[in-house]
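What follows is the residue order along each chain.
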Amino acid sequence: VQLQASGGGLVQAGGSLRLSCAASGRTFSTYGMGWFRQAPGEERESVAAISWGGGSTYYADSVKGRFTISGDNAKNTVYLQMNSLKPEDTGVYYCAADRWLDGSTWYRADRMDYWGKGTLVTVSS
């Protein structure tokens, strides 16, 4: 599975962005997908994830109610809709895939099997 994230950019606080993660590989629909982010000087942290088939979604407390993760198996793409953005949302956003993603593993970067190159999100105050 190869992943390519896109959609980052510069936005003012309170604005919105939608990130996309395009995946290649016929087994995409059997992988859970996650978004992580890394701010300068900080560790990578989990943001949101979706189980394969889209039956379950998971969110970090810091983004609940503002971010929405969704998937389109026909397009082999996962999206992260980010609303009400805050300066603390700034960072490089990465998408990742895990064959066995579930409620106990979605937030663990060490459990991800594949990673895409990141896309930079900058939120100005």
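Before going into details, it helps to say that this report is about the structure given with it.

Criteria and cut-off values
One numbering rule holds for all chains: residues counted from 1, following each sequence as written. A pLDDT threshold of at least 70 governs which residues receive local features in this predicted model, and a stricter bar of 80 or more applies before side-chain atom pairs are shown or counted, although totals over entire chains, interfaces and linings include all residues. Based on all heavy atoms of the structure, the side-chain values leave hydrogens and waters out of the count. Counting from the N terminus, the helices are DSSP H or I runs at least four residues long and the strands are E runs at least two residues long. Whenever a nitrogen or oxygen atom comes within 3.5 Å of another N or O atom, the pair is scored as a polar contact, on the condition that within protein one atom can donate a hydrogen and the other can accept it, and that pairs from neighbouring residues in sequence are kept only if both atoms are in side chains. Whether two residues are in contact is decided by their heavy atoms: any pair within 4.5 Å suffices. We call two strands paired when DSSP finds no fewer than two bridges between them. Only C-alpha atoms enter the line fits that serve as axes; for helices the fit covers just the stretch in contact. Angles between N-to-C directions range over 0 to 180 degrees.

## A look at the side chain of Thr119
Topologically, Thr119 is positioned in strand S11 (residues 119-124). A polar side-chain atom of Thr119 sits 3.0 Å from the main-chain amide nitrogen of Gly8. Those residues in contact with Thr119, other than ones at most four positions away along the chain, are Ala5, Ser6, Gly7, Gly8, Leu19, Gly91, Val92 and Tyr93.

## Looking at the sheet that holds strand S3 (residues 17-24)
One open sheet holds the 4 strands; their spatial order is S1-S3-S8-S7, and the pairing between them is antiparallel. The two strands at the open ends of the sheet, each matched to only one other strand, are strand S1 (2-6) and strand S7 (67-72). Each neighbouring strand pair of the sheet contributes to a mean axis angle of 15°, computed without reference to strand direction. Of the pairings in the sheet, the one linking S1 to S3 comprises 5 bridges and is antiparallel in character. The residue bridging Gln2 from the neighbouring strand is Ser24, located in S3.

All we've got here are geometric facts, nothing functional implied.
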